[in-house]
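Fold and contact review
Below, each chain spelled out in residue letters.
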Protein chains: 2
Amino acid sequence: MDTSVKAGGPERQRLTKGGRRTRERIIETAAELMFHRGARGTSIPDIQAAAGVSASQIYHYFGDKQGLVLAVIDHQTDTQLARQRPLLDSLDSIEALREWCDGAASRQDDRGCEGGCEIGSLASELADSDQSARTRLVSAFDRWEGPIRSGLARMQARGELSEHADTAALATALLAAIQGGMLLSQVRRSSTAYRQAVSAVLDHIESHLVR
Amino acid sequence: MDTSVKAGGPERQRLTKGGRRTRERIIETAAELMFHRGARGTSIPDIQAAAGVSASQIYHYFGDKQGLVLAVIDHQTDTQLARQRPLLDSLDSIEALREWCDGAASRQDDRGCEGGCEIGSLASELADSDQSARTRLVSAFDRWEGPIRSGLARMQARGELSEHADTAALATALLAAIQGGMLLSQVRRSSTAYRQAVSAVLDHIESHLVR
């Protein structure tokens, strides 16, 4: 998804190809730095040095640091969602849900459980201190929750999931288990907590299957 | 629990009563500031100004900022655990587990869902950047998980919970639901996500009850 038309900056509407590329490079660099050091721990001079751009270029494209943070939230959401398609569009069986959650566990193992969730860590840092960021994070989490909720709703429409199951609540519960599980796994440097957290919710969802 | 004998600082062993009081005031001030601004966003001069102490007093008691961060993690864990006793020592029925989780939801509602979890937010910020803090956070989460695990184990020992239930895994799943649910609730400014997250895991635990 093209983030250039959605986030921050006075010049976002009419960029040349070169301008779009520079803008993207700034966002990607800022996203990488903020993932490791947090948004507060990443300064404009840090981003300048790492992206090889001037401060005035950053202000030109994003207005201010807050504008850049909003663009980073959108970028991380777009990137993570894009990476997990088409699986994310077919979460309409318990097997697909388990496969999707297992994939995230394997990615955690691959990086030694460092790093946590790209959105979750920005959320924890910014939810109380930056109202615009919080609003953008609401939409980021909604975009994650949407495919889970749609998948469960399709299962229910096909009569595979009990009509009494609250598919929206179950989707939220699974997203929360993913977030909390990733945090515990990041701290403990083991994906076990994540696996146990999502497994409990997936077993609970499975208990609503119509046999 | 007395944090003065557990955390940071070269002078921790032999403090006068006045010294202990000053040390506690620094920790409490730092904890409050770090809860709102993060550990990175809280400088030694910020803490000096808010606690009315000199930089040399802070370095005297904690060695460096990292020592103070470790003391804050212990302090937040001690305080939150102490606040929730005796309920935390009697989590050996599904009703007690629900009451305990409901209490946290009410506290979130009372503060408009601002603030998240005192430990979780430090965990998200520090798990990758500060190895000593990560180790201390492992122990903080273990101290939270312990009472849940013990409660479930007592239920199992009494034959109320199926012998096939993995009580340690269920305790981790509930802690993860609490953490992930609090994060989503903090972003969405509504305790609904927290309530749905813990409810799914509690329902799952309930499915292991021996009727």
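Residues numbered from 1 in each chain as written. Chains lettered and ligands numbered in written order. Predicted model: local features only at pLDDT ≥ 70, side-chain atom pairs only at ≥ 80, totals over all residues. Heavy atoms only, no water.

**Details of the side chain of B:Q179**
Counting through the fold element by element, B:Q179 comes out in helix α8 (residues 167-188). In this structure B:Q179 comes out as buried when scored by relative accessible area, which is 7%. Excluding its chain neighbours within four sequence positions, the residues that come into contact with B:Q179 are A:G180, A:L183, B:C117, B:G120 and B:F141. (Helix = DSSP H or I, 4+ residues; strand = E, 2+ residues; numbered from the N terminus. Buried < 20%, exposed > 50% of the residue type's maximum accessible area, 1.4 Å probe, protein only. Contact = heavy atoms within 4.5 Å.)

**Let's talk about the interface of chain A and chain B**
The interface is formed by 41 residues belonging to chain A together with 41 residues belonging to chain B. Both faces considered, chain A and chain B share a buried interface measuring about 3,400 Å² in area, 61% of it formed by carbon and sulfur atoms. It is A:D128, A:V187 and A:R188 that lose the most area in chain A upon contact with chain B, and together they represent 19% of the buried surface on that side. As a salt-bridge pair, A:E145 and B:R188 come within 2.8 Å of each other at their nearest N and O atoms. For the pair chain A and chain B, the interface holds 18 residue pairs in polar contact (both at pLDDT 80 or more). (Buried area = accessible area lost by both parts, 1.4 Å probe. Salt bridge = Lys/Arg side-chain N within 4 Å of Asp/Glu carboxyl O. Polar contact = N/O pair within 3.5 Å; in protein donor to acceptor, adjacent residues only side chain to side chain.)

**Considerations on the layout of surface pockets**
The computed volume of the largest pocket comes to approximately 500 Å³. Lining the largest pocket are 27 residues, with B:Q80, B:R83, B:Q84, B:R111 and B:E118 positioned closest to its centre. Those elements that provide at least two residues to the lining of the largest pocket are α1 (17-37), α4 (65-83), α5 (94-110), α6 (118-126), α7 (131-157) and α8 of chain B. Residue composition of the lining of the largest pocket, grouped by class: 13 nonpolar, 8 polar and 6 charged. Two domains each donate at least three residues to the lining of the largest pocket, and these are domain 1 (3-74) and domain 2 (85-206) of chain B. Approximately 290 Å³ is the volume found for the second largest pocket. Taken together, 18 residues line the second largest pocket, and the ones lying closest to its centre are A:Q84, A:A104, A:R107, A:W144 and A:M182. Going through the elements one at a time, α4 (65-83), α5 (94-110) and α8 (167-188) of chain A are the ones with two or more residues in the lining of the second largest pocket. Per element, the largest residue contribution to the lining of the second largest pocket is 5 residues, and it comes from α5(A). Each residue belonging to the lining of the second largest pocket can be placed in one class, and the counts come to 9 nonpolar, 5 polar and 4 charged. (1 Å grid on protein atoms, 1.4 Å probe; cavity = no way out; pocket = protein on both sides within 12 Å on 5 of 7 lines; lining within 4 Å. Points joined across faces, edges and corners; volume = space filled by probe spheres on them. Nonpolar A, V, L, I, M, F, W, Y, C, P; charged D, E, K, R; others polar. Domains from an automatic or database assignment.)

**Brief notes about the relation of the copies chain A and chain B**
The transform that puts chain A on chain B rotates by 180 degrees and translates by 0.0 Å along the axis, for an RMSD of 0.0 Å. Such a turn and shift between the copies fits a two-fold axis. The C-alpha atom lying nearest the rotation axis in chain A is that of A:G180; the distance is 1.9 Å. Both copies share a contact surface, since 100% of the interface residues of chain A are interface residues in chain B too. (Least-squares fit on C-alpha atoms with pLDDT ≥ 70 in both.)

**Overview of the UniProt feature "domain: HTH tetR-type" (unreviewed entry) in chain A**
Under the UniProt annotation, the feature "domain: HTH tetR-type" (unreviewed entry) is placed at residues 20-80 of chain A. Annotated as 82% helix and 0% strand, the span residues 20-80 of chain A places its first and last C-alpha atoms 20 Å apart. (UniProt positions renumbered as here; feature names shortened; annotations may be inferred.)

**Side note on the UniProt feature "DNA-binding region" (unreviewed entry) in chain A**
The UniProt entry lists residues 43-62 of chain A under the feature "DNA-binding region" (unreviewed entry), expressed in the numbering used here. The distance from the first to the last C-alpha atom of residues 43-62 of chain A is 14 Å, and the span holds 80% helix and 0% strand.

**Concerning the pattern of salt bridges**
In total, this model carries 32 salt bridges over all chains according to the counting rule given. With its nearest N and O atoms 2.7 Å apart, the salt bridge here joins A:E160 to A:R158. Judged by relative accessible area, A:R158 falls into the partly exposed class, the value being 45%. Ionic pairing is found between B:R98 and B:D203, a salt bridge with its closest N-O pair at 2.8 Å. One end of the pair, B:R98, is in helix α5; the other, B:D203, is in helix α9 (residues 192-206), and 105 residues separate them in sequence. Taking relative accessible area as the criterion, B:R98 reaches 25% and is therefore assigned partly exposed. Since its relative accessible area comes to 29%, B:D203 is described here as partly exposed. Each of the salt bridges in this network shares a partner with another, and the network as a whole consists of A:D92, A:R154, A:R158 and A:E160.

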